[in-house]
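Structural overview
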Amino acid sequence: MQLLSLNNISLKYGEKPLLKNINLMIFDKERLCLVGRNGAGKSSLLNIIQQNIEPDSGEIVYKDNLRIGFLTQELPEKTVLTSKEIVTNGLGEIGHLLVEYERLSVCHSHEKAINEQRLHSVQKEIDNKNGWIHYQKVNKILSRLAINPTDDFDTLSGGQKKKVMLAKAIVSEPDLLILDEPTNHLDIPSILWLETFLCSLEVALLFVTHDRFLLDSVATKIIELDRNELYVYPSGYGSFLKLRNKRWQDEEIKVREFNKKLAKEEAWIRQGIKARRTRNEGRVRALKKLRLQKKDQISIQSKPSLTTNEAKMSGKTVIEAKNLTLELPNKKPLISNFSVTIQRGDKVGIIGKNGIGKTTLIEGLLGNLKPISGKIVTGTKLSIAYFDQMRDILKEEQSLLSTISEGRDFVTINGSEKHVSSYLQDFLFTPDKFRVPVGSLSGGEKNRLMLALLFSRPANLLVLDEPTNDLDIETLELLEENLQSFKGTILVVSHDRYFLDNIVTHTFYLDNNTIDFCVGGYSDWKAREDLKEKNCKKRNKINLSGLKKKSGQRKLTYNEENRLRSMPEEVTILENKIHRIHKMLNEENVYKEDPIRAKKAEQELKLMETSLETLYEEWELLETKKSMFLKTN
C-alpha cells in the first residue's frame, strides 16, 4: 500500500536550489535510508514530508489519515517530566490531558489541595475523546521497551533517553516513522538493540544515519540526495557504493561529450558570417540551448582533502602501562592492575558502554590522570594531537580563520606551506563561512573544523574521542582512508563499528573494572565474544545433562513428591490471578476511576509473572528428575 508520494518537489534557499523535481513513493512497511552530504537537504526533505515547511513547487499526496511519527537526533534538555509523561505527550492533545489528569489524581489521592473542578473537567474531556484506550497504549509501549514509567527523564543516560523518545514517537502507532540520526549518543549495546527493534516494527521507516552497519541491517532501500536530485538504490551499502560510482562515471563521460560538443559549436559560431546565414539559424538556436544547459550543469562536488600532518617518527614504545589502577572522577574504580604496551604504528580502538570511563582511560594512558597505583611510561619524541568529543578546544566566539590560523597566514602541512583560506576550502568551507563565529556552525561543520585544526598540527600520536559524530558518510570514508595511511599511532574511542573495523589493529573492551584485549577491529572482537557465549552455553548444556543424569540416580524425596503434586494447582491459581489483573487493566475506565489502584496492579502483575516463571522452572526440574529415575529403573 502506498503511504505517500512526492511529485516534482523543489525548494530554494535564496537563489540557491536545494531540492529539484524530487519524486519519491513510500510504501507500507518498507525501510528507506536517506543518505547525502551534510547540507545536501536531507533535513529539509524530512521537514517537507512532515509538512513543517512548504516546498516552492510540486505536491505531496498522502494516504487518508496517515500518521507520521518522528524521532529527532537532539534530546530534550532540563525537563521535569517523567519517562511516562514524555511518552504520553506523544499522543498529542489527548496525551497532555492524560498527563494532567494523572498528576491531579495523584495529588488528590495524597489529599493535597487541588482544583476539583479542573479534575472533573479534564476527566470529562478524556471521556469525550475516548482517551482511556490511548492510555493503555502508553503502558503497553513502556512495557515493551522496558522503560520505568516513574524515572525522571533528566536522570537517564543518553541511551535510555533515546529509548524514551523512540517510545514517544511510536506510541501513536504511526504508519510512517521518521528517524534523524537515531544512533547519536548511543553506545554499541544500545545500537544493537535499536537495530533489532527497528527491524521488528510493522511500520514504514524513513531514516537518516551515518552508521553503515545499521544501514545494512535495517534498510530495504537506499535513497541519496546528490546535487539537488534524488536517486534510489536497492539495499546493501556495498551495492550502493558500486552503483553510485557507476552513475558518477557515466555522468563524467556524458559531461565530457557535452563539453566537447559545446566547444565545437562555440568554435563554429566564432567563424562569423557563416553562422549568420539563414540556413544555419537552427544551429545558432541549438547553441543557445547548449549554453543554458551548461549554466544549469552542476559538476560532481569536490571531496574534503583530509591529509594528516605527520611529525617525525616517535620512539618504538609509545605508551607502557605497568599494573595500572585508575579511578573515575566520582572515585569509582575504573581499572585495576592493568598492563599493556602500545607500540609505534598501533591503532587501538576503545569500546564500552556510555559512562564506563573510556575518555578517563585515555587521560590515564596519556599520563594526564594520576594513577592510584602502578605507573605510565610514555615514549620519546611524541607529538600528540587530541580530538575531543566535547569540542572544548573550539572557542565559540572565534571565527574559522582565527581558529585555524592562530595569528598566521599560512599553515605548514608535511613540509609545504598552504594559505589558511585554501586549507579551509580543502575541508569544504566556502569563503562566506571564513569569518562567521564557530558557535553558528552545525554539528557536522564543527567536527570538520576540529579535523582541520587537528590535521594542521604535526603529530605522530592521534587521540580521537568520538571523531565520527555528525559527519556524513562520504567524509567518514575519506577520514578512514587518511587514518589507514597514517604512519603514526592512534588511540580512538568510537561507537561506529564500521569505522573501527576499517581503522584499528587492536581493540580494548572496557567493562566491570577490567579491559578485554583483542587483536583486530570490532567484528573480530564480536566474533570472539559470540564464540565465548556459544561455548558457555554448550558447557551449561553439558552440566545440565550431567545434573539430570545425576538426579536420575535416586527417586524424589517425600517432600519433593508432595511439592510436585501441589504445583499444577499452584500454577493454575497464579495464572488465574494474572488473568484477572490483565482483564482489570484492559477495562476502559480503570485508569480514570482509580489510577492508584491501576498502578499498584501493574506492580503486582510484574511480581506474579516473575513468580510464575520461577514456578515453571522448578516444575520442569522436578519432572526431569522423576522421569530420569523412571528411565534408569
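Parameters at a glance
- Residues numbered from 1 in each chain as written.
- Predicted model: local features only at pLDDT ≥ 70, side-chain atom pairs only at ≥ 80, totals over all residues.
- Heavy atoms only, no water.
- Pairing = 2+ DSSP bridges.
- Helix = DSSP H or I, 4+ residues; strand = E, 2+ residues; numbered from the N terminus.
- Axes fitted to C-alpha atoms, helices over the stretch in contact; angles between N-to-C directions.
- Contact = heavy atoms within 4.5 Å.
- Phe/Tyr/Trp six-rings, centres within 6.5 Å; stacked < 30°, edge-to-face > 60°.
- Buried < 20%, exposed > 50% of the residue type's maximum accessible area, 1.4 Å probe, protein only.
- Expected span 1.5 Å × (residues − 1).
- Bend = angle between axes of the 7 residues up to and from the residue.
- Core = buried A, V, L, I, M, F, W, Y, C linked by side-chain atoms within 4.5 Å.
- Domains from an automatic or database assignment.
- Polar contact = N/O pair within 3.5 Å; in protein donor to acceptor, adjacent residues only side chain to side chain.
- Parallel < 35°, antiparallel > 145°, perpendicular 65-115°, else oblique.
- Left-handed = near helix turned anticlockwise from the far one by under 90°.
- Nonpolar A, V, L, I, M, F, W, Y, C, P; charged D, E, K, R; others polar.

**Some words on the sheet that holds strand S17 (residues 461-465)**
The sheet built from six strands is open, its strands ordered S14-S17-S18-S12-S19-S20 with mixed pairing. The open sheet has two edge strands, strand S14 (384-387) and strand S20 (514-519), and neither has a second partner. Here the strands of the sheet are splayed against their neighbours by 15° on average, with no regard to which way each runs. Pairing geometry for strand S12 (residues 347-351) and strand S18 (residues 489-493), over four bridges, is parallel. Across the sheet, residue Val348 finds its bridge partner in S18, namely Leu491. The sheet contacts of helix H14 (residues 443-455) involve S14 and S17, and relative to S14 the element is tilted by about 175°.

**A look at the packing of aromatic side chains**
Inspection of every chain in the model, using the stated rule, returns twelve aromatic pairs. Ring centres of Phe508 and Phe517 lie 5.6 Å apart, and the angle between their planes is 50°; on these two criteria the pair is classed as tilted. Relative accessible area serves as the criterion here: at 1%, Phe508 is assigned to the buried category. Note on Phe517: relative accessible area 38%, which makes it partly exposed. By way of ring pairs, the aromatic residues Phe213, Tyr233, Tyr237, Phe240, Tyr498, Tyr509, Tyr522 and Trp525 are connected into one cluster.

**Details of helix H18 (residues 558-585)**
Over its 28 residues, H18 runs 41 Å from end to end, which matches the ideal 40 Å to within 8%, given 1.5 Å per residue. The principal kink in H18, of about 35°, is found at Met567, preceding the proline Pro568 by one to four residues. All of the buried residues in H18 are Leu564, Met567, Val571, Leu574, Ile578, Ile581, Met584 and Leu585.

**Section: the nonpolar core**
Formed by 53 residues in total, the largest nonpolar core has its most connected members in Val87, Leu177, Leu179, Leu201, Leu205 and Phe207. Per element, the largest residue contribution to this core is six residues, and it comes from helix H6 (residues 158-170). Here Phe207 is in contact with Leu32, Cys33, Leu34, Leu179, Leu214, Leu215, Val218 and Ala219, once residues within four sequence places are set aside. Grouped together as the second largest cluster of nonpolar side chains are 45 residues, Ile413, Ala459, Ile490 and Tyr522 included.

**Things to note about the domain arrangement of the protein**
Along its sequence, the protein is carved into domain 1 (1-66 + 175-182 + 213-235), domain 2 (79-174), domain 3 (241-299), domain 4 (317-528) and domain 5 (558-631). Look at where the C-alpha atoms of domain 1 and domain 5 centre, and you get two points 49 Å apart.

**Examining the pairing of strand S3 (residues 31-36)**
Within S3, six of the six residues are buried, which leaves the element mostly enclosed by the surrounding structure. Neither face of S3 is open: one carries Arg31, Cys33 and Val35, the other Leu32, Leu34 and Gly36, and all of them are buried. As paired strands, S3 and strand S7 (residues 204-208) are joined by four bridges and run parallel to one another. What sits directly across from Leu34, in S7, is Val208. Sheet topology places S3 next to strand S8 (residues 221-226); five bridges connect them, and they run parallel. Bridging across to S8, Leu34 finds its partner in Ile223.

**Digging into the side chain of Asn309**
Position of Asn309 among the secondary structure elements: in the loop between helix H10 (281-296) and strand S10 (317-327). Within the structure, Asn309 has its side chain in polar contact with the backbone nitrogen of Asn414 (distance 2.8 Å). Here Asn309 is in contact with Thr412, Ile413, Asn414, Phe455, Ser456, Arg457, Pro458 and Ala459, once residues within four sequence places are set aside.

**Quick notes on the packing of H6 against helix H7 (residues 188-200)**
It is the contact of H6 with H7, at a shortest axis distance of 11 Å, that shows an interaxial angle of 15°. Considering the angle they form, H6 stands roughly parallel to H7. In terms of crossing hand, the pair formed by H6 and H7 is right-handed. Contacts between H6 and H7 involve Gly159, Lys163, Leu166 and Ile170 from the former and Ser190, Trp193, Leu194 and Phe197 from the latter. Of the residues belonging to the contact of H6 with H7, the class tally is five nonpolar, two polar and one charged.

**Overview of the environment of Leu3**
Turning to its location among the elements, Leu3 is positioned in strand S1 (residues 2-13). Sequence separation of Leu3 and Phe27 is 24 residues, and the distance between their C-alpha atoms is 5.3 Å. With residues up to four places along the chain from it excluded, the contact list for Leu3 reads Ile26, Phe27, Asp28, Val61, Tyr62, Lys63, Leu66, Asp175, Leu176 and Ala204.

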